[in-house]
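# Structural features, examined
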Amino acid sequence: MQFVSFVLLAATLLVAQAQEELPGGAATTASAASDYPSTKDATKQADYEETPATAASAQQHLRRANVFNSNSSYNGNGNGKINVVVVLKDEGRRRKLSGNGHETAAERKAAAEENMAAAAAAASSMGANATFTYGTALYGFAASIPSGLLKKIEADPRVKSVDEDATVQLDPIELGGDRRRLAQTTPWGISRVKGGATYTGTGRAWVIDTGIDLDHPDLNVDKVKSKTYAGKTPDDENGHGMLDLLDLLLMLVLLLWTHVAGTIAAINNSIGVVGVAAGAPVVAVRVLDRRGSGSISGVNKGVDYVAQNCVSSDVANMSLGGSYYKPLNDAVIAASGKCPFFIAAGNSGDNAEKYSPASANGPNVYTVSAFKSGDTWASFSNHGSVVDYAEPGVSIYSTWKGGGYNTISGTSMATPHLAGVKLVGSITTDGTVNNDPDGKPDPIGVC
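A brief structural summary. Here the structure is a predicted model, which is why all the values come from computation and not from measurement. (Residues numbered from 1 in each chain as written. Predicted model: local features only at pLDDT ≥ 70, side-chain atom pairs only at ≥ 80, totals over all residues. Heavy atoms only, no water.)

## Description of the overall build of the protein
- The helix and strand tally for the protein stands at nine helices and 21 strands.
- A total of 447 residues make up the protein; the buried ones form 58% of that total.
- Once local pairs closer than 6 in sequence are excluded, the contacts in the protein between residues at least 24 apart make up 76%.
- Split by element, the accessible area of the protein, about 17,000 Å² in all, is 49% carbon and sulfur. (Helix = DSSP H or I, 4+ residues; strand = E, 2+ residues; numbered from the N terminus. Buried < 20%, exposed > 50% of the residue type's maximum accessible area, 1.4 Å probe, protein only. Contact = heavy atoms within 4.5 Å. Areas by Shrake-Rupley, 256 points an atom, 1.4 Å probe, with all protein chains shown as cover.)

## Looking at the pattern of salt bridges
- Scanning the entire structure with this criterion turns up nine salt bridges.
- In this structure, R158 and D156 form a salt bridge, with 2.8 Å as the shortest nitrogen-oxygen distance.
- Overlapping salt bridges bring together R192, K194, D375 and D430 as one network. (Salt bridge = Lys/Arg side-chain N within 4 Å of Asp/Glu carboxyl O.)

## Concerning the pairing of strand β4 (residues 130-134)
- By the criterion of burial, β4 is predominantly enclosed, with four of the five residues buried.
- When β4 meets strand β5 (residues 140-146), the two strands line up antiparallel, connected through four bridges. Considered in β5, the bridge of T133 is made with F141.
- Between the end of β4 and the start of β5, which pair antiparallel, lie five residues. (Pairing = 2+ DSSP bridges.)

## Quick notes on the nonpolar core
- Counting residues in each nonpolar core, the largest one holds 43 residues, and the members touching the most others are I212, I264, V282, F342, L418, L423 and I427.
- Of all the secondary-structure elements, those providing two or more residues to this core are β8 (205-209), α6 (256-265), β10 (282-286), β15 (365-372), β17 (389-392), β18 (396-400), α9 (411-424) and β21 (443-446).
- By residue number, the principal contributor to this core is α9, which donates six residues.
- In contact with I427, other than residues within four places in its own chain, are F342, Y366, Y389, L418, V421, K422, G445 and V446.
- Counting residues in hydrophobic clusters, the runner-up holds 41 residues, among them L288, V306, L320 and I343. (Core = buried A, V, L, I, M, F, W, Y, C linked by side-chain atoms within 4.5 Å.)

## Remarks on the packing of helix α7 (residues 296-309) against helix α8 (residues 326-335)
- Between α7 and α8, whose axes approach to 9 Å, the crossing angle comes to 10 degrees. On the basis of the axis angle, α7 is roughly parallel to α8. Each of V299, N300, V303 and A307 in α7 lies in contact with α8, whose residues at this interface are P327, L328, A331, V332 and A335.
- The residue inventory of the contact of α7 with α8, partitioned by class, reads eight nonpolar, one polar and no charged. (Axes fitted to C-alpha atoms, helices over the stretch in contact; angles between N-to-C directions. Parallel < 35°, antiparallel > 145°, perpendicular 65-115°, else oblique. Nonpolar A, V, L, I, M, F, W, Y, C, P; charged D, E, K, R; others polar.)

## Digging into unusual backbone geometry
- Following S356, the chain continues to P357 via a peptide bond in cis, the omega torsion being 5 degrees.
- Tracing the backbone through its elements, the reader meets P357 in the loop between β14 (355-356) and β15.
- Phi at K194 takes a positive value of approximately 65 degrees, unusual for a residue other than glycine.
- Tracing the chain through its elements places K194 in the loop between α4 (188-192) and β8.
- Unlike most non-glycine residues, D375 shows phi in positive territory, near 65 degrees.

## Describing the packing of aromatic side chains
- Taken as a whole, this structure holds seven aromatic pairs when the rule is applied.
- Summarising the aromatic geometry, the rings of F132 and Y229 are spaced 6.3 Å apart at their centres and angled 80 degrees between planes, so their arrangement reads as edge-to-face. Residue F132 is found in strand β4, and its partner Y229 is found in the loop between β9 (227-228) and α5 (245-253); the two are separated by 97 residues along the sequence. Each member of the pair F132 and Y229 is classed as buried.
- Ring centres 5.9 Å apart and planes at 75 degrees place the aromatic pair W206 and Y305 in the edge-to-face group. (Phe/Tyr/Trp six-rings, centres within 6.5 Å; stacked < 30°, edge-to-face > 60°.)

## Focus on the sheet that holds strand β6 (residues 159-164)
- Overall, antiparallel pairing links the four strands, which are arranged β4-β5-β3-β6 in an open sheet. Where the open sheet ends on each side, the last strands, each with one partner, are β4 and β6. When strand polarity is set aside, the average angle formed by the axes of neighbouring strands in this sheet is 25 degrees.
- As defined by bridge partners, strand β3 (residues 81-88) adjoins β5 across seven bridges and the pair is classed as antiparallel. Considered in β5, the bridge of I82 is made with I145.

## Digging into the side chain of D156
- Looking at the secondary structure, you find D156 in the loop between α3 (150-155) and β6.
- Polar contacts involving the side chain of D156 include one to the side chain of R158, which spans 2.8 Å. (Polar contact = N/O pair within 3.5 Å; in protein donor to acceptor, adjacent residues only side chain to side chain.)

## Comments concerning the environment of S313
- Note on placement: S313 falls in the loop between α7 and β11 (315-318).
- With a relative accessible area of 31%, S313 lands in the partly exposed category.
- Distance in space between the C-alpha atoms of S313 and G425 is 8.8 Å, their sequence separation being 112 residues.
- Contacts of S313, omitting those with residues within four sequence positions, involve T202, G203, R204 and L423.

Printed below as a string of structure tokens:
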């Protein structure tokens, strides 16, 4: 098991007039601790109280057992505890669904609630107070525990795996383009995938990221189903009151997922842009807070929520990722049994199999690389055998926070093109990308 510090793929973005290469200079990386509810342990036995000696012993144990990455500098949440994600064995679930996708919404909700209650009870019996519980895509819990409790949890026969929770780090972004509300235009990427027709289906797009501008005039946001597991609202917050430049940069990255939603489903009207599945409902599933900070446990909770509520005609988009992390891959694969998941390949110019959830592999999981106009490979894009399709990802014009519009780049921008294509119907192919570095050109998915 590994410690992993997740990095948003959207971190390496192009301005509207930039070349296809992503900027590499003058970078300022920002990180923040994950937000956890304050907790008290269910048990206060002396065996589990934190001391410098027990903390050091636990850290050595974790490294010997390869539970955490040996070069990790992560030491917990700052109060003498460690943050963990515990996956329980499936036989402990109180209610199992058939898995054929024909369960009613009420049946799925009831099963999720019973399983989450069982996970909470298991956590309590182990001496942990769960911060999140999972009952659909995963069965288990996240908790902040004294390090002395770790061995007890690992040894519990109900436990399948224990992984260290991780925080999200944001790389800088650069902004470009005109954010004014102008007459409607069809972005080149929408044209390339043959999208833009008004959506007439019954599905919706679940956007698992930092939220969506709930009141953008060019988006049809399903506010009822939108959910947050970071911050107070699923809205893409504007950050009023943030005074220094670093905080401003962190706030700007939150605008990205309004951009993602617009590529999938911006309304065909007289303003701004049109999306691939124009006017389709979009749902904000927020797993990062207003500073761009979050945890793997929160991302897992967002995936679990989508698995509980989506239907087969829906799509889920994840334009985020980082180093390989098996529990997240497992959650995505399990959730994809309910609706297809579309995952950004990553912007490291590397093999995508090293990253999660890009390396998640299943019949209903689609990993997406990026190309620029002319079907030429975007050099920043990850590649490899886990990639399923390539889509437009350079100089992509779409919706932006505050009712505006902007042009940015990345595999985070490519992924929602394919999600929109699938929302419209079956994915067909129209050629392959040029200059794919792995020598096996990715097909281009279109409507």
